[in-house]
2 protein chains.
Amino acid sequence: MKPFINSSQAIRREILEGLVYAHGDKLRWVKGTGIVVRKILPEKGVALISGGGSGHEPAHIGYVGQNMLTSAVMGTFFLPPAVDEILQSIQLADNGDGVLLIIKNFEKDLASFLAAEKKAIALGHHVKHVIVNDDCSIETETFKKRRRGVAGTVFVHKILGAAAAKGMPLNELELLGGQVIYNLNTLGVAFSPASQLGEIPSQYTLANNEMYYGIGIHGEPGYKIEQMKSSERIAIELFNKIIDQYDDSRLKSCGILVNGLGSTPLLELAVFTNHVRQLFDIDDIPVLFKKTGNFLTSYDTQGLSLTILNIIDNNWLQLLEAPTDAFGW
Amino acid sequence: MKPFINSSQAIRREILEGLVYAHGDKLRWVKGTGIVVRKILPEKGVALISGGGSGHEPAHIGYVGQNMLTSAVMGTFFLPPAVDEILQSIQLADNGDGVLLIIKNFEKDLASFLAAEKKAIALGHHVKHVIVNDDCSIETETFKKRRRGVAGTVFVHKILGAAAAKGMPLNELELLGGQVIYNLNTLGVAFSPASQLGEIPSQYTLANNEMYYGIGIHGEPGYKIEQMKSSERIAIELFNKIIDQYDDSRLKSCGILVNGLGSTPLLELAVFTNHVRQLFDIDDIPVLFKKTGNFLTSYDTQGLSLTILNIIDNNWLQLLEAPTDAFGW
């Protein structure tokens, strides 16, 4: 057990207490829960709520702020928040203009968030949701796409958050979310799984000098284990597999997110970003928006993911570029 | 050799090309060199320049921007930039109001930066420097303070950068720098050294489950190897040793920086921050400014450092809080 993990019970409180302490001018933590809300809640506009287990920092608390989320709800290690806490977050965030839940496509996350949505609607709240399923990894036996919700979720927070701040109503936000998600694909690679921790052990192990393409963000398996390759070769694998998700005709300009999975130094993310740049240059696809850093992690996993957003509407670019005080962006 | 490091020769170019690509709206890289400057150079005000080897990302390129550095110069892995590149950076950045060099206290860094300063003065530039020596680790044999320049350097960039942007002249910036550095102390701990890379191998090794207090940022040794302790115990060791640097009478309010050394996930930095918070609470010392993240790393070292700034002047707080577009802040 690493020295920073005192117990899987306490970890959620300790993370939130530490991060809200560091960023407390903007954020309010509802003690005893996993709920963080903006310190000053907007008086109008749809409220956006997302969440997930601990272990994905800076997600999702790092995206609470101007032009992004109204509230984030954190569960225990790698497990989604409880229904009642999501409900409480909805009650806190809703100013009467309704609430949109941004849910990552994992069975347990869906169960929690959709049950909370149902309860909130019964209480008179207007609530809708979008389900982010950007992971284009496949099951190796069935060739079925896994479609888990991974790092591209951060782009959904930003585009929808900025649109909500501009006054877009709930119905339209739901539609916009669907369009963004349809144009969003992510693929990751791990050089080591996260340290086992809490109730969720990793579903794979890797020998030294092995890597695993297509892994999830809670220790879920990928599609191919290989001997470690160069950064260029990794970039080619991820880039090609993602580009294949788009019809040639519809990939005109892109936004990219190079995301570290927790223990990957920025030096390595920078070098990888440079190799991704070369591949876009070769294919002559303009990249209008770029982010490189740790955005949605898998505790201390060594590895990274590449997200490509097909920007089909110039407004999306403006929404991505809108200023925010969310510390994780 | 890790897959992201193709050669220690190429690494500087690849890092800069990747990071300037990701943040290219604000930064200009002078190709073939380690120099990055603000895309739009201020027409007046003292220019601030800092730098060091590769392997410290986001430092120092991440601090080029509004209210921070005018230019950063990067050397090869863990080695400072060459004299002529620092000179070229001075020539690019100087608008006639002079240049302040912010140098980390390492022999090789001093040699490069001071030689460049001398050359620039001979060419008619007004150049001064400050030497950051915030590391309060000690030599175990001589009990001499090591006084290397480490993560606290980031606070120096911000305070002096914001003061320069307000029009503070070169002489006063040099004095302010001295005051800030006198009130700045940092202490680190490593759970593993950086992977060996390039010409600078680590000067220590650690067994699994060992940690080393007081290490430097280029694989330099610390003052004490121990079995891994809990986050609370680590916080107590670093906090007490740093607090001991200040007379009781002069520590009225603080700024803190919890810095990951490269491979430390934010979850762990958050938990550690929370334990540091408790220690300040117990001693009833107000903490007016806080940062938690990866600011000045040592490639993929597992570990962290704590920096405490004694805020003796309320203006320092305003300068720390001034907005910036520097991506590493």
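In the block above lies the structure referred to throughout.
Okay, so let's go over this structure.

Calculation criteria
- Throughout, residues of each chain are indexed from 1 in the direction in which the sequence is written.
- Note on labels: chains are lettered from A, ligands numbered from 1, in written order.
- With pLDDT at 70 or above as the cut-off, local features in this predicted model cover only qualifying residues; side-chain atom pairs require 80 or more to be listed or tallied, and sums for whole chains, interfaces and linings still use all residues.
- As a rule here, side-chain values come from all non-hydrogen atoms in the structure, and water together with hydrogens is ignored.
- For every residue, the accessible area (1.4 Å probe, protein chains only) is compared with the maximum for its type, and the residue is labelled buried under 20%, exposed over 50%, or partly exposed between those bounds.
- Helix numbering and strand numbering both begin at the N terminus, where a helix is a DSSP run of H or I of at least 4 residues and a strand a DSSP run of E of at least 2.
- Here, strands pair whenever DSSP counts at least two bridges between them.
- Note on handedness: a clockwise path from strand one over the helix to strand two, with the strands aimed away from the viewer, defines a right-handed crossover.
- For the least-squares superposition of copies, only C-alpha atoms count, and only for residues with pLDDT at least 70 in both.
- Two residues qualify as a contact provided that any one of their heavy atoms is within 4.5 Å of a heavy atom in the partner residue.
- The aromatic pairing rule takes the rings of Phe, Tyr and Trp, using the six-membered ring of Trp, and pairs them if the centres are within 6.5 Å, calling planes under 30 degrees apart stacked, those over 60 edge-to-face and the rest tilted.
- Cation placement over rings: the criterion is NZ of Lys or CZ of Arg within 6 Å of the ring centroid and within 35° of the ring normal.
- The span expected for a helix works out to 1.5 Å for each residue beyond the first.
- Under the rule applied, a polar contact is a pair of N or O atoms within 3.5 Å (in protein, one hydrogen donor and one hydrogen acceptor; residues adjacent in sequence only if both atoms are side-chain atoms).
- Helix axes are fitted only over the stretch in contact, all axes being lines through C-alpha atoms; the angle between N-to-C directions runs from 0 to 180 degrees.

1. Some thoughts on the pairing of strand β5 (residues 99-104) of chain B
Residue and element names in this part refer to chain B.
Consideration 1: Buried residues dominate β5, accounting for 6 of its 6 residues.
Consideration 2: In β5, alternate side chains face the same way, and those of Val-99, Leu-101 and Ile-103 on one face and Leu-100, Ile-102 and Lys-104 on the other are all buried.
Consideration 3: Two strands pair when backbone bridges link them, and strand β3 (residues 47-54) and β5 are joined in this way by 4 bridges, in the parallel orientation. Its bridge partner being in β5, Ile-49 is matched across the sheet by Leu-101.
Consideration 4: Looking at chain direction, β5 and strand β6 (residues 127-132) are connected through 6 bridges and run parallel. Bridge pairing in β6 links Ile-102 to Val-130.
Consideration 5: With helix α3 (residues 107-122) bridging β5 and the parallel β6, this β-α-β connection has right-handed handedness.

2. Some details on the relation of the copies chain A and chain B
Consideration 1: Of the two same-sequence chains, chain A is brought onto chain B (RMSD 0.0 Å, axial shift 0.0 Å) by a rotation of 180 degrees. The transformation relating the two chain copies, once decomposed into turn and shift, fits a two-fold axis. Within chain A, Ser-263 of chain A has its C-alpha nearest the rotation axis, a separation of 2.1 Å.
Consideration 2: A high fraction, 100%, of the interface residues of chain A reappear at the interface in chain B, so the copies pair face to face through one surface.

3. With respect to the packing of aromatic side chains
Consideration 1: Within the structure shown, the criterion is met by 16 aromatic pairs over all chains.
Consideration 2: With 5.9 Å between their ring centres and 20 degrees between their planes, Phe-289 of chain A and Trp-329 of chain A make a pair best called stacked. Here Phe-289 of chain A is found in strand β11 (residues 287-293), whereas its partner Trp-329 of chain A is found in the segment after α8 (314-321), with 40 residues between them in sequence.
Consideration 3: Residue classification places Phe-289 of chain A among the buried residues on the basis of a relative accessible area of 10%.
Consideration 4: Taken together, the ring pairs connect Phe-77, Phe-78 and Tyr-299 of chain A into an aromatic cluster.
Consideration 5: Here the basic side chain of Lys-290 of chain A rests over the ring of Tyr-21 of chain B, its NZ or CZ set 4.4 Å away from the ring centre.

4. Details of helix α4 (residues 153-165) of chain A
All names here are of chain A.
Consideration 1: In this model α4 runs 18 Å from its N-terminal to its C-terminal C-alpha over 13 residues, within 8% of the 18 Å that 1.5 Å per residue would give.
Consideration 2: With 12 of 13 residues buried, α4 is to be regarded as a mostly interior element.
Consideration 3: Here α4 has its buried residues at Thr-153, Val-154, Phe-155, Val-156, His-157, Lys-158, Ile-159, Leu-160, Gly-161, Ala-162, Ala-163 and Ala-164.
Consideration 4: Two residues or fewer after α4 comes Gly-167, characterised by a positive phi angle close to 105 degrees.

5. Topic: the side chain of Lys-104 of chain A
All names here are of chain A.
Consideration 1: With respect to the secondary-structure elements, Lys-104 resides in strand β5 (residues 99-104).
Consideration 2: Within the structure, Lys-104 has its side chain in polar contact with the side chain of His-60 (distance 2.8 Å).
Consideration 3: Excluding its chain neighbours within four sequence positions, the residues that come into contact with Lys-104 are Gly-51, Gly-52, His-60, Asp-109, Val-132, Gly-149, Val-150, Thr-153, Ile-217 and Leu-296.

6. Considering the sheet that holds strand β9 (residues 224-227) of chain B
All names here are of chain B.
Consideration 1: Judged by pairing direction, the sheet is mixed, and its 6 strands sit side by side in the order β9-β8-β7-β12-β10-β11 without closing on themselves. Edge positions in the sheet fall to β9 and β11 (287-293), since each of these pairs with one other strand and no more. Across this sheet, the average inter-strand angle for adjacent strands is 15 degrees, counted without regard to direction.
Consideration 2: As paired strands, strand β10 (residues 254-260) and strand β12 (residues 302-310) are joined by 7 bridges and run antiparallel to one another. By the bridge assignment for β12, Gly-260 is matched with Leu-304.
Consideration 3: Packing against the sheet, helix α7 (residues 266-283) makes contact with β10, β11 and β12, and its axis sits at approximately 155 degrees to β10.

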